Amino acid sequence: MAGSLSDCHRRFLQSLMCNGIIVRSKAIALHRNCCEVHNTHYTRDGLDEFIDLINSHLEPLFMQIRKSVSEEDGLQYYALVNMAETDITRMSSDYADNELELFRKTMDLIVDSESGRASSTDILNCADSLNTRKMKKKETELLLTRLVRDKWLNEKHGEYTLSTRCIMEMEQYIQKIYQDMVKTCAICHNVVFQSQMCDNMSCGIKMHIPCVAKYFKGRSDPQCPVCNAFWPHEIPEIRDTAQVPLEMENTAPTPSTSHSRRRR
Amino acid sequence: MSQRRVSHSQSRPSASRQVIEDDEEDLSFTLPSSSQVQRGMDRLTSAEVDRKVAEVVQFILIKDQKKVPIKRADIIKNVIKENRNIYPEIMKKVNMTFEKVFGLKLVEIDVKNHAFILVNNLEQVTDRLASMNPAHPKTGLLFVILSVIFMKGGAVKEAVVWNTLKKLRVDPGERHEEFGDVKKLLTDEFVRQKYLEYARIPHTDPPEHEFRWGLRAESEVSKTRLLEFVAQLHEKEPQNWPKQYKEATTSDARSSQAS
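Conventions adopted
Residues numbered from 1 in each chain as written. Chains lettered and ligands numbered in written order. Predicted model: local features only at pLDDT ≥ 70, side-chain atom pairs only at ≥ 80, totals over all residues. Heavy atoms only, no water. Axes fitted to C-alpha atoms, helices over the stretch in contact; angles between N-to-C directions. Helix = DSSP H or I, 4+ residues; strand = E, 2+ residues; numbered from the N terminus. Left-handed = near helix turned anticlockwise from the far one by under 90°. Contact = heavy atoms within 4.5 Å. Domains from an automatic or database assignment. Buried area = accessible area lost by both parts, 1.4 Å probe. Salt bridge = Lys/Arg side-chain N within 4 Å of Asp/Glu carboxyl O. Polar contact = N/O pair within 3.5 Å; in protein donor to acceptor, adjacent residues only side chain to side chain. Nonpolar A, V, L, I, M, F, W, Y, C, P; charged D, E, K, R; others polar. Buried < 20%, exposed > 50% of the residue type's maximum accessible area, 1.4 Å probe, protein only. Pairing = 2+ DSSP bridges. pLDDT = per-residue confidence, 0-100.

Participant: Would you explain the packing of helix α3 (residues 46-64) of chain B against helix α5 (residues 87-102) of chain B in this entry?
Facilitator: To characterise two packed helices, one gives the angle between the axes of the helices and the distance between these axes. Residue and element names in this part refer to chain B. Across the interface, α3 lies against α5 with an axial gap of 9 Å and an inter-helix angle of 65°. Regarding α3 and α5, the two cross each other, and that crossing is right-handed. Contact residues: Val49, Asp50, Lys52, Val53, Val56, Val57, Ile60 and Leu61 in α3; Ile90, Met91, Lys93, Val94, Thr97, Phe98 and Phe102 in α5.

What follows is the structure, given as structure tokens:
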């Protein structure tokens, strides 16, 4: 281990656990705040080194602060991830057996889909054929709301996608269960769900939407990076990194009167 | 193109489920002697011991999410299992890990039944901006109730609490937009989480109850900070309430001694 941790590191770690997942700009602000609170020397670009030190202490506990780019907005996020889990045990304390089963089925739908999205209609149909215990429409809708609130799923226009937090925390589980069925992005080589796909049937490579924006920026004649076929899809604009980050809600709303009390 | 998928039912079964479920008390466990501990330690490699420590840490973190106290019996049954003879050594390392890595403390709140809670070991920060934690509205509500109880000497009749809330436009009789069933929140959720105690006052008919601070509130909340907050509201000094001031300074001295 490089060096020992100080209260500055501990406060950062507690806040991260409390928030579940935070965007890089917020992580930078948090780093600065923690240093100020504990009168520690702060270096502007010191975040990664700061996190590396914490990680060296988390490694024996089979935990790590990982960073990952969101499929939704292309921004970088940080989350505390359990490295030893190959099951979705992290959720077991918050969800019932049949709820977990439905979540797994939702994941199946998302993995099977081309778009990386599952419609609420399809999910409701699954709820009707669960092995554990069937769920009614109202129950399913409430469950989906909770899953979104706890940042396991995102919802837009009645369709559900895997959140950045979910992909980060369950990476090992996803790889173990789905193996070849999950594709990797041709640009960044990370696992991909929401994507654009090459139209060429013998190619079929996928790219994250933010990766598409970056790769094809400024090109009037976009071509597939692998097979050079014309890329027919709409090229999105690169999202401005200076934008205000997404609102972060607490994942497990339990009360505490201590302001810096760790919550999960 | 054939697509394989490992069946979900083959995912790690009972271990992960049982970890989360509460089981019956293990009444037969007594703490081992130091020589038993030493013999136990010699049988395991240090890597195996560290592995057990990591598992206990994770077990406690997951359990603590629900804010319900963690029973020693559960830790032994679900994680330590056959290595119970080195339980003290593992717990020593677990405590050290929580303090050194997370800035948390494992506090035994129930000495008889051996139950723990995880408490924040870091200095409390009154400036909310600096702490960067999203404050849930329930926190504010709880804080108000704890203040009322503290300022009134440590125990208040439930009617006082309901009236206070009504003044804040939180009516326990109605479903609140943010808090839902407020009565249930106070008498059930906060009590289970050990922030409050809700006890029946004897010889009252119809039955009346009183609210007190719960064990978790005693461990986590600085009475000095609370009094400072109340004092600020009234634009006075904390010393204006000599009884509460004495109680606060004694209580905080006691908890810093214990750490």
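Participant: Could you clarify how one ought to interpret the domain arrangement of chain B in this entry?
Facilitator: By a frequent convention, interface size equals the accessible area lost on bringing the separate parts together. Residues and elements named next belong to chain B. Looking at chain B, the domain boundaries give domain 1 (8-120) and domain 2 (122-258). The interface is formed by 13 residues belonging to domain 1 together with ten residues belonging to domain 2. Across the domain 1/domain 2 interface, buried area totals approximately 930 Å², and carbon plus sulfur atoms make up 57% of it. Connecting domain 1 to domain 2 are zero salt bridges. Where domain 1 touches domain 2, the interface holds zero residue pairs in polar contact (both at pLDDT 80 or more). In terms of residues, the side of domain 1 that touches domain 2 owes the most to one element, strand β3 (residues 115-120), which gives four residues. Taken together, the residues that form the side of domain 1 that touches domain 2 break down as seven nonpolar, two polar and four charged.

Participant: Could you clarify how one ought to interpret the pattern of salt bridges in this entry?
Facilitator: Once the charged atoms of two side chains with opposite charge are near each other, the side chains can pair. All names here are of chain A. For the structure on display, the rule yields 17 salt bridges over all chains. Here Asp48 and Arg24 are joined by a salt bridge, their closest N and O atoms 3.7 Å apart. Taken together, the residues span a long stretch of sequence, with Asp48 in helix α3 (residues 47-58) and Arg24 in helix α2 (residues 24-37) at a distance of 24 residues. The partner of Glu171 in a salt bridge is Arg66, and the shortest N-O contact between them spans 3.2 Å. In this pair, Glu171 sits in helix α9 (residues 171-178) while Arg66 sits in strand β2 (residues 63-69), placing the two residues 105 residues apart along the sequence. Arg66 gets classed as partly exposed once you look at its relative accessible area, which sits at 28%. Here the salt bridges share partners, and the residues they tie into one network are Arg24, Asp48 and Lys67.

Participant: How should I be thinking about the sheet that holds β3 of chain B in this particular structure?
Facilitator: Sheet strands pair by backbone hydrogen bonding; their relative direction is either parallel or antiparallel. Residues and elements named next belong to chain B. Spatially, three strands are ordered β1-β3-β2 in an open sheet, and the strand pairing comes out antiparallel. On the outer flanks of this sheet lie β1 (70-71) and β2 (104-110), each paired with one strand and no other. Of the strand pairs in this sheet, β2 and β3 are connected by six bridges, and their pairing is antiparallel. When the bridges of β3 are listed, Leu106 appears paired with Leu118.

Participant: Any chance you could explain the confidence of the model for chain A here in plain terms?
Facilitator: In low-pLDDT segments, the atomic positions of the prediction should not be examined closely. Residues and elements named next belong to chain A. On average, chain A scores 85 in pLDDT, and the residues at 70 or more come to 88%. For chain A, the element scoring lowest by mean pLDDT is helix α4 (residues 89-92), at 72; strand β6 (residues 159-162) scores highest, at 96. Confidence drops under a pLDDT of 50 for residues 242-264, and excluding neighbours within four residues, the segment shows 97 contacts in the predicted structure.

Participant: I'm lost on the sheet that holds strand β7 (residues 196-200) of chain B in this one. Help?
Facilitator: Residues and elements named next belong to chain B. Pairing is antiparallel across the open sheet formed by three strands, whose spatial order is β4-β8-β7. Each edge of the sheet is formed by a strand with only one pairing partner; in this case those strands are β4 (155-157) and β7. Looking at each pair of strands side by side, their axes are set apart by 25° on average, direction ignored. Bridge count between β7 and strand β8 (residues 209-213): five bridges; the pairing is antiparallel. Residue pairing for β8: Tyr198 is matched across the bridge by Phe211.

Participant: Quick question: what am I supposed to make of unusual backbone geometry here?
Facilitator: Note: most peptide bonds trans; most residues except glycine with negative phi. The peptide bond linking Asp205 of chain B to Pro206 of chain B adopts the cis configuration, its omega dihedral lying at 5°. Turning to its location among the elements, Pro206 of chain B is positioned in the loop between β7 and β8. If you check the backbone angles, His189 of chain A has positive phi at about 65° while not being a glycine. Along the chain, His189 of chain A falls in the loop between β7 (183-184) and β8 (191-192).

Participant: Quick question: what am I supposed to make of the environment of Ile65 of chain A here?
Facilitator: Mapping Ile65 of chain A onto the fold places it in strand β2. The residues contacting Ile65 of chain A, other than those within four sequence positions of it, are Phe12, Leu13, Leu16, Ile51, Ile54, Asn55, Leu58, Tyr78, Ala79 and Leu80 of chain A.

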